[in-house]
Amino acid sequence: MSDATSVSQPARILIVGGGAGGLELATSLGRKLGKKGKAKVTLVDINMTHIWKPLLHEVAAGSLNSTDDELNYVAQAKWNHFNFQLGAMIGLDREQRNITLAPLLDEKGNELVASRTLDYDYLVISVGSTTNDFNTPGAAEHCLFLDTRAQAERFHRALLNQYMKTQATDLQAPGQQINVAIIGAGATGVELSAELHHAAQMLQAYGFDRIKPEDLNINIIEASERLLPALPERISGPVTQVLNGLGVKLHTGSAVKEVAADRLILANGEEVPATLKVWAAGIRAPVFLTGLGLPTNRINQLEVERTLQVKGEDRIFAFGDCAACPMGDEGRFVPPRAQAAHQQASLLAKNLRKILEGKPQEEYRYRDYGSLISLSSFSAVGNLMGNLTGNVMLEGRLARMFYVSLYRLHQMALYGLPRTMMLMLSDQFGRSTEPRLKLH
């Protein structure tokens, strides 16, 4: 097999996973290496389109129409000088340096494209994470999850179906209630609860008046003693006050013991009625990673060095939520956050160029720039950290502005500044002619 740095053979860089980090990496390498013919960059993903995962709670509540903010991988590849392959990785041959993709099937289960292999000189795995239900009895059967756009849209349809069912009842019958339970008070669970309260107000305004906003009972269940346990208490405190003011019921200090069709049973014996149940607690990497012959931890993450190379491998890298990257000397690991994936994508883009130039790689150092929590139109809370700002607490409209800017930075990495500015203008004018809530 020819060496990846051979002058006559451009290096084959294969990226599996088109989430925020993987797509940013493919775009950057395509612009820097693919355009100049220094490498053949290929991105693999199981979907045809990309949507920024932190937006999925807005898709679930109907605050965001996913088709407005999705990006097509084929078009992005054309614009940025890389290739795209649709498929799911199911195997790895390290000696032959190739991966195996599962067959592509149509809606009826018929095979469209047979299983195939893709060769690489350098492989990057960035397949993200899925929700970890910790094998809680009944969770898989009765809970919805928010790992993908399809799952978020499924929850939105279930919510609308509940409203339509109630709206069609006998007008003389008393108003009904909808009980929603969100398991997990991390950023996703907290932000979803606020978006659902906003959706209840909008649905009433659009004529679904058989259920008043206060009749959408939103419950958050958190095993820790407070909301947002992974973030500083100075953030969770204001968030708790806002949610209390919105009437969101908070159940902290007790984990979910069992999930039934119409309720949750907590470890402390409390029972929480629930028509709609969303599991948003904990993460784990996709299970197929454990079958590749690479080192993984108890939540299926690939174990990597600080260069983001998988332990024991020179040509295989992993980053983002699917990788366990050491941080400091205390046995801690980089948290599964969007800012970490963005930082790691930037470092890998630099390191892969260094490898092709025969230069030493740099090690990843996590930089915490703070945390921002959006509570729909009601508020936003967070802190910014940096050399210039120190540690600054933000609330209200200013915090909301910085929260939105995180998505704009992601768009800039994918589209560049001019197109991002055009998208911002398009959002302003386009959404002024659409309902403020997706109603289908």
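In the nomenclature of an unreviewed UniProt entry, the protein chain corresponds to NADH dehydrogenase from the organism Halopseudomonas sabulinigri. Here the protein chain is described in UniProt, under the heading Cofactor (unreviewed entry), as follows: "FAD". The protein chain has a UniProt comment under Sequence similarities (unreviewed entry) that states "Belongs to the NADH dehydrogenase family."

Draft legend 1. Summary view of the overall build of the protein chain. If you tally the helices and strands in the protein chain, you get 11 helices and 28 strands. What you see for the protein chain is a C-alpha radius of gyration of 23 Å, in line with the 22 Å of a compact globule of 440 residues. Each principal axis of the C-alpha distribution contributes one length, and for the protein chain these read about 80 × 55 × 45 Å. Here the protein chain holds 440 residues, and 49% of them are scored as buried. Sequence separation of at least 24 residues holds for 63% of the intrachain contacts in the protein chain that already meet a minimum separation of 6. As presented, the protein chain carries roughly 20,900 Å² of accessible surface, and 52% of it is formed by carbon and sulfur atoms. Here the protein chain carries 45 positive and 45 negative side-chain charges, and the mean point of each set is 6 Å from the other.

Draft legend 2. Examining empty space enclosed by the protein more closely. Under the criterion given, the structure shown has one cavity of 30 Å³ or more. What the largest cavity holds in volume is close to 50 Å³. Surrounding the largest cavity, Gln301, Gly320, Asp321, Ala323, Val334, Pro335, Pro336, Arg337, Ala340, Ala341 and Gln344 form its lining. Sort the elements by how many residues they give to the lining of the largest cavity and helix α9 (residues 338-356) lands first, with three residues. Class assignment of the residues belonging to the lining of the largest cavity gives a composition of six nonpolar, three polar and two charged.

Draft legend 3. Structural view of the sheet that holds strand β14 (residues 216-222). On the basis of which strands lie adjacent, the open sheet formed by four strands has the order β15-β14-β13-β19 and parallel pairing. What marks the edges here is a single partner per strand, and that holds for β15 (249-252) and β19 (276-279). Across the sheet, the mean angle separating the axes of adjacent strands is 15 degrees when strand polarity is ignored. Contacts between helix α6 (residues 149-167) and the sheet are confined to β13 (178-183), β14 and β19, with β19 contributing the most and set at about 160 degrees to the helix. The strands touched by helix α7 (residues 187-205) are β13, β14 and β19; relative to β14, the strand with the most contacts, the crossing angle is about 175 degrees.

Draft legend 4. Examining the sheet that holds strand β17 (residues 263-266) more closely. Strand order in the open sheet formed by three strands is β16-β17-β18, with antiparallel pairing between adjacent strands. Because the sheet does not close on itself, it has two edges, and the strands there are β16 (256-259) and β18 (271-273). On average, adjacent strands in this sheet sit at an angle of 25 degrees to one another, irrespective of strand direction.

Draft legend 5. A look at the side chain of Ser379. Relative to the helices and strands, Ser379 resides in strand β27 (residues 379-386). Accessibility expressed as a relative area gives 14% for Ser379, which makes it buried. If sequence neighbours within four positions are ignored, Ser379 has contacts with Val242, Ser374 and Gly396.

Draft legend 6. The pairing of strand β11 (residues 122-125), seen in detail. Burial of the side chains of β11 extends over both faces: Tyr122 and Val124 are buried on one face and Leu123 and Ile125 on the other. Of the strand pairs in this sheet, strand β1 (residues 11-16) and β11 are connected by four bridges, and their pairing is parallel. Counterpart to Val16 in the pairing with β11 is Ile125.

Draft legend 7. The domain arrangement of the protein chain, seen in detail. Assigned domains within the protein chain: domain 1 (11-129 + 285-357), domain 2 (149-167 + 175-281) and domain 3 (370-429). Inter-centroid distance (C-alpha atoms) of domain 1 to domain 3 is 25 Å. When the two sides are added together, the surface that domain 1 and domain 3 hide from each other amounts to roughly 1,200 Å², 47% of it contributed by carbon and sulfur. Scanning the region where domain 1 abuts domain 3 turns up zero salt bridges. Across the domain 1-domain 3 interface, the total number found is nine residue pairs in polar contact (both at pLDDT 80 or more).

Draft legend 8. Region of the structure containing the packing of aromatic side chains. For the coordinates displayed, the defined rule picks out three aromatic pairs. An angle of 20 degrees between the planes, with centres 5.2 Å apart, marks the rings of Trp52 and Tyr407 as stacked. On the criterion of sequence distance, the pair formed by Trp52 in the loop between β3 (49-50) and α2 (56-61) and Tyr407 in helix α10 (residues 396-415) is long-range, its members being 355 residues apart. In this structure Trp52 comes out as buried when scored by relative accessible area, which is 10%. Residue classification places Tyr407 among the buried residues on the basis of a relative accessible area of 11%. The interplanar angle of 15 degrees and the centroid separation of 5.0 Å between the aromatic rings of Tyr73 and Phe84 together place this pair among those described as stacked. Separated by 11 residues along the polypeptide, Tyr73 in helix α4 (residues 73-80) and Phe84 in strand β5 (residues 83-86) bring together distant segments of the chain. Here the two residues Tyr73 and Phe84 agree in accessibility, since each one is buried.

Draft legend 9. Region of the structure containing the pattern of salt bridges. A full pass over the atoms with the stated rule returns 13 salt bridges. Among the ionic pairs, Asp121 bridges to Arg97, the shortest N-O distance being 3.9 Å. One end of the pair, Asp121, is in the loop between β10 (116-119) and β11; the other, Arg97, is in the loop between β6 (89-93) and β7 (98-101), and 24 residues separate them in sequence. Of the two residues, Asp121 and Arg97, neither departs from the other in class, the shared state being buried. What you see here is one network of salt bridges that share partners, running through Arg12, Arg97 and Asp121.

About the cut-offs
Residues numbered from 1 in each chain as written. Predicted model: local features only at pLDDT ≥ 70, side-chain atom pairs only at ≥ 80, totals over all residues. Heavy atoms only, no water. UniProt positions renumbered as here; feature names shortened; annotations may be inferred. Helix = DSSP H or I, 4+ residues; strand = E, 2+ residues; numbered from the N terminus. Rg over C-alpha atoms; globule rule 2.2 N^0.38 Å. Buried < 20%, exposed > 50% of the residue type's maximum accessible area, 1.4 Å probe, protein only. Contact = heavy atoms within 4.5 Å. Areas by Shrake-Rupley, 256 points an atom, 1.4 Å probe, with all protein chains shown as cover. Lys, Arg positive; Asp, Glu negative; His and termini not counted. Charge placed at Lys NZ, Arg CZ, Asp CG, Glu CD. 1 Å grid on protein atoms, 1.4 Å probe; cavity = no way out; pocket = protein on both sides within 12 Å on 5 of 7 lines; lining within 4 Å. Points joined across faces, edges and corners; volume = space filled by probe spheres on them. Nonpolar A, V, L, I, M, F, W, Y, C, P; charged D, E, K, R; others polar. Pairing = 2+ DSSP bridges. Axes fitted to C-alpha atoms, helices over the stretch in contact; angles between N-to-C directions. Domains from an automatic or database assignment. Buried area = accessible area lost by both parts, 1.4 Å probe. Salt bridge = Lys/Arg side-chain N within 4 Å of Asp/Glu carboxyl O. Polar contact = N/O pair within 3.5 Å; in protein donor to acceptor, adjacent residues only side chain to side chain. Phe/Tyr/Trp six-rings, centres within 6.5 Å; stacked < 30°, edge-to-face > 60°.

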